[in-house]
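# A look at the structure
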Amino acid sequence: MNTEKDFSPLTPNIVRALNDKLYEKRKVAALEIEKLVREFVAQNNSAQIRHVIQVLATEFALSQHPHSRKGGLIGLAACSIALGKDSGLYLKELIDPVLTCFNDSDSRLRYYACEALYNIVKVARGAVLPHFNVLFDGLSKLAADPDPNVKSGSELLDRLLKDIVTESNKFDLVAFVPLLRERIYSNNQYARQFIISWIHVLESVPDINLLDYLPEFLDGLFQILGDSSKEIRRMCEVVLGEFLKEIKKNPSSVKFAEMANILVIHCQVSDESKSTNDLIQLTSMTWMREFIQLAGRVVLPYSSGILTAVLPCLSYDDRKKNSLNESQESVGFSNISFFTPASSDRSVVNLDLDGIVQVLDRHLHDSSTGMMTRIAVLKWLYHLYIKTPRKMFKHTDSLFPMLLKTLSDESDEVILKDLEVLAEIASSPAGQTDTSGLCDNSDSKTELHIPSGVQDGQPMVVGSKMTDLSPSTPSMNSYFYKFMINLLKRFSLERKLLEVRGAFIIRQLCLLLHAENIFHSMADILLKEEDLKFASTMVQTLNTILLTSAELFQLRNQLKDLHTQESCALFCCLYRSWCHNPVATVSLCFLTQNYRHAYDLIQKFGDLEVTVDFLMEVDKLVQLIESPIFTYLRLQLLDVEHNPYLIKALYGLLMLLPQSQAFQLLSHRLSCVPNPELMRTVDHPKAPVKDKRLAQPHIDYSELLQHFDRVQSKHLEVRHQRAGRSEHPDRKLIL
């Protein structure tokens, strides 16, 4: 340094000592500077004070010589000590050169700069707050300093500054938040720790309302929550927990809408499987749950985003599911409460229904979607159809094909929820106003076709007679028939679905809708089915369900006594389709106690091809006759005089069977039929046999027999055509 340069009012001895490499000599110079400045303060000579500070800053602290910089730093600290409470008037001149030295390549210089700033801040106390941002910026850099001594010094300065902020009520939060928002995205662990510690301090100061500015740095907090350091994650969890407590205490002042999207982003499923990502998702879902409970309708516009984030989490593997389970249950989606505001505030908030449906539909189409997610999606669809039916029916044409496809799902629970949605679509009054025809985006496999005579509000055509459904039957909308048609179409295309889940699906539908509607509509559709083999298989399935399922108890009772026009119409409708399967037709006659007609049908079996499958069906019918379903039929065998055609029909079945177990079973039953002479009482003469059909004027039995003949002729013709196309027809004919 040029010793001939004018450094007044600093004496040559002070200048020489400030440039010395020994700390002790620089310390002596600092004491001299302190004495000199005190004299200027006493004289109220601010010009000389500023001149001393300027010389120390420009000629020493910002010098190219390292020892000079060290001398300048200790000299500036001495000035501050000498100024005392008046140091606030010169803080910018004192602080700026010291902060510049924070960037010095020499770690000892950075340490001395930290020491000097500590002394300056300690003297000025609250007066440094207008300069808080530059101090914070400098400290954030020192927090990540590789030198342990520098880091230790910065921690002392950091604690001092925190104490000052805590005891002051003049902190400029508005000016600080932009800097916080910028610094919070640092990837350095020490810088992150520094940021978190400051947020925690500021949040604890009563006069500082940091919650108002939480949307500015909430995203950064969640970024830090994913840090690899367990200690930093713990600190961040504590801070977030404190903020959440504040939110619960003062929900009216919380900016829920501004933070909802941030939570949605951090709820997203990550491709990585780190526990830190699980922690971020768990925390964000916990926050989202609280937001939903506290804000209610305010979060409605974000529903699609929330679903996008949360739904995939429901199908996590066991490890992740354990960590997220509590939050997912709280966020709900099985007990959806979006339509109930948390307070009396019912301001107009638009539900993004299109966005929600799009998200739900996308998850249904995604083959990788897990079972629990699919269940949640279907629960949502059901909920939306219940709460906003008319708006939802605008989306039904696009959802309908996928809902039908979901019936092929491997999970019974998924199928149950899917059926609930389809049943609601089919029975909702909102669907009555929908007169659309085909699904615009449906493929050929799910083509919608309404049978002739089956339109909204029109009765069904049964043979040549026009009959309405029973007055007790709930009215169905147009989608009910679309559903039935497409369900049968899917059974036709997916025979395995029919074999494995067909009975399960139909039984559940009978619980969800009206069993009479289900059977009436399916029978009418099958009457027009061109695939006769499928029609026969489907009739056999429906017949088994009708005769054995507890869900069909009421319908069976309705068919047992054909005393009303409605029950007769139902019988005729079923009968015409049941003719696709002769044995099923006979069992229907047994159920409805049409024993003479059953006998007439069995007489015609001699003209049919008696195959192994046919005999197996007869075998099953014999087993059914021995079941509780036909208890009334077996008891009627006691009244031989009034039920001769029942006995004849059963003997007819016996004659059809080969010498098998079913033959022995039926033969043994018929051997128990009592002698009519023994059963007749003395007081009652022999009564003439009454034809039960006379009490059923609504049924033309001769026409039904003709219909049976026509249907069986078609079946025979089809079998012959198949046999003609094959060199070795597998007709399983029993000769």
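As a starting point, this report considers the structure included with it. Predicted model only: the values in this text are computed from it and were never measured.

Scoring rules and cut-offs
Think of each chain on its own: its residues are numbered from 1, step by step along the sequence as written. This being a predicted model, a pLDDT of at least 70 is required before a residue's local features are given, and a value of 80 or more before pairs of side-chain atoms are given or counted; all residues contribute to the totals for chains, interfaces and linings. Excluded from the side-chain calculations are hydrogens and water; all other atoms, namely the structure's heavy atoms, are used. Numbering of helices and strands runs from the N terminus, with a helix taken as a DSSP run of H or I at least four residues long and a strand as a DSSP run of E at least two residues long. Accessibility here uses a 1.4 Å probe with only protein chains present; expressed as a share of the type maximum, an area under 20% marks a residue as buried, one over 50% as exposed, and anything in between as partly exposed. Should any heavy atoms of two residues lie within 4.5 Å, those residues are considered in contact. For the accessible areas, the method is Shrake-Rupley and the probe is 1.4 Å, while residue cover comes only from the protein chains on display. As used in this record, nonpolar core signifies buried Ala, Val, Leu, Ile, Met, Phe, Trp, Tyr and Cys residues forming a set joined through side-chain atoms within 4.5 Å. Note on terminology: disulfide denotes any pair of cysteine sulfur atoms within 2.5 Å. To estimate how far a helix should reach, multiply one less than its number of residues by 1.5 Å. Polar contact is defined as a pair of N or O atoms within 3.5 Å, subject to the rule that within protein one atom must be able to donate a hydrogen and the other to accept it, and that residues adjacent in sequence are counted only when both atoms are side-chain atoms.

## What about the overall build of the chain?
Within the chain, the secondary structure is distributed over 35 helices and 2 strands. The buried share among the 735 residues of the chain stands at 53%. The contacts of the chain with a sequence gap of at least 6 include a subset with a gap of at least 24, amounting to 75%. Counting every atom, the chain has about 34,400 Å² of accessible surface; 50% of that belongs to carbon and sulfur.

## A short note on the environment of Leu 601
Within the secondary structure, Leu 601 is located in helix α29 (residues 595-604). You can call Leu 601 buried: its relative accessible area is 0%. Along the chain, Leu 601 and Val 586 lie 15 residues apart, while their C-alpha atoms are 6.9 Å from each other. With residues near it in sequence (within four places) discarded, Leu 601 still touches Tyr 575, Thr 585, Val 586, Cys 589, Leu 705 and Phe 708.

## Focus: the nonpolar core
Core analysis: the largest hydrophobic core is formed by 124 residues, its most contacted members being Phe 483, Phe 519 and Phe 590. Top contributing element to this core by residue count: helix α22 (residues 478-493), with 9 residues. If near-sequence neighbours (up to four positions away) are discounted, Phe 590 is found in contact with Tyr 595, Ala 598, Leu 621, Ile 625, Phe 630, Tyr 632, Leu 633, Leu 646, Ala 649, Leu 650 and Leu 653. Listed in part, the 113 residues of the second largest apolar core include Leu 160, Val 165, Ile 208 and Ile 224.

## Regarding unusual backbone geometry
Here the amide bond leading from Ser 8 into Pro 9 is cis, since omega sits at 10°, within 30 degrees of zero. Relative to the elements of secondary structure, Pro 9 occurs in the segment before α1 (12-18).

## Remarks on the environment of Glu 626
When you line up the elements, Glu 626 lands in the loop between α30 (612-625) and α31 (631-636). A C-alpha to C-alpha distance of 8.6 Å links Glu 626 and Leu 665, two positions 39 residues apart in sequence. Those residues in contact with Glu 626 that sit more than four places away from it in its chain are Arg 634, Leu 665 and Arg 669.

## A short note on the state of the cysteines
Simply put, disulfide is the name for a covalent bond between the sulfur atoms of two cysteines. Applying the stated rule across the entire model yields 0 disulfides. Unpaired in this structure, Cys 568 has its nearest cysteine sulfur neighbour in Cys 572, at a distance of 6.6 Å. Exposure remark for Cys 568: the relative accessible area of 1% places this residue in the buried category.

## A closer look at helix α10 (residues 189-204)
An α-helical turn contains 3.6 residues, so a residue and the one three or four places further along point in the same direction. For α10, spanning 16 residues, the distance from its first C-alpha to its last is 23 Å, which sits close to the expected 22 Å at 1.5 Å a residue. Buried within α10 we find Ala 191, Arg 192, Phe 194, Ile 195, Ile 196, Ser 197, Trp 198, Ile 199, Val 201, Leu 202 and Glu 203. Where the residues of α10 are buried, they touch α7 (132-142), α8 (148-167), α9 (173-183), α11 (214-224) and α12 (230-249). Measuring from the backbone nitrogen of Tyr 190 back to the side-chain oxygen at the start of α10 gives 2.8 Å, which picks out Asn 188 as the cap.

Take it as geometry only, folks, not as evidence of what the structure does.
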